[in-house]
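Read off the chains here:
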Amino acid sequence: MRIGTINMMNQIYGTAKTAKSGTTAAGFSSFKDEVSLSATAKDMQVAKNALNAVPDVREAKIADIRSRIDNGTYDVSVDDFAAKLMSAYKSAAF
């Protein structure tokens, strides 16, 4: 099997010399790394920061339910509970 040119071999093995830009007085090349974020990534960062600012626990909701339990006025609908339980069971991947 013949490979077309020696340039292809250089590309495969990385033996070709590359031109260096920005050499310093000591002979070292100075390359500058650069990172740029897309608009989508910036939007995601804003959304993530907004979510981090929101508390995980809704204290007002918990206080309302806790007071209703303490007063004996908290009532759970058996039908609603069963429907939500079955919905969660059906959507779970086994």
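Note that the structure is a prediction, hence the values are computed from the model and not measured.

S.K.: I would appreciate a short explanation of the overall build of the chain in the present structure.
M.R.: Of regular secondary structure, the chain possesses four helices and zero strands. Ordering the α and β elements of the chain from the N terminus gives α-α-α-α. For the chain, the residues scored as buried account for 0% of the 94 residues in total. Accessible area for the chain stands at about 9,400 Å²; split by element, carbon and sulfur atoms hold 57% of it.

S.K.: Please explain helix H4 (residues 78–91) as it appears in this structure.
M.R.: Each turn of an α-helix holds 3.6 residues, which means side chains three or four residues apart point in the same direction. In this model H4 runs 20 Å from its N-terminal to its C-terminal C-alpha over 14 residues, within 8% of the 20 Å that 1.5 Å per residue would give. Of all 14 residues making up H4, only zero are buried, and the element is barely covered by its neighbours.

S.K.: Before we go on, may I ask you to explain the pattern of salt bridges in this structure?
M.R.: Pairing of side chains with opposite charge becomes possible as their charged atoms draw close. Taken as a whole and judged by the stated rule, the model has one salt bridge. A salt bridge links Asp-64 to Arg-68; the shortest N-O distance between them is 3.9 Å. Note that Asp-64 and Arg-68 are positioned in helix H3 (residues 59–71) at a spacing of four residues, about one turn of the helix. Using a relative accessible area of 38% as the deciding quantity, one classes Asp-64 as partly exposed. A relative accessible area of 32% places Arg-68 in the partly exposed class.

S.K.: Looking at this structure, how should I read the environment of Tyr-74?
M.R.: With respect to the helices and strands, Tyr-74 occurs in the loop between H3 and H4. Residue Tyr-74 is classed as partly exposed on the basis of its relative accessible area, which comes to 35%. Taking the C-alpha atoms as reference points, Tyr-74 and Asp-64, separated by 10 residues in sequence, lie 9.6 Å from one another. In this structure, Tyr-74 is in contact with Ile-65, Arg-68 and Ile-69, ignoring residues within four places of it in sequence.

Reading guide: rules and limits
- Residues numbered from 1 in each chain as written.
- Predicted model: local features only at pLDDT ≥ 70, side-chain atom pairs only at ≥ 80, totals over all residues.
- Heavy atoms only, no water.
- Helix = DSSP H or I, 4+ residues; strand = E, 2+ residues; numbered from the N terminus.
- Buried < 20%, exposed > 50% of the residue type's maximum accessible area, 1.4 Å probe, protein only.
- Areas by Shrake-Rupley, 256 points an atom, 1.4 Å probe, with all protein chains shown as cover.
- Expected span 1.5 Å × (residues − 1).
- Salt bridge = Lys/Arg side-chain N within 4 Å of Asp/Glu carboxyl O.
- Contact = heavy atoms within 4.5 Å.

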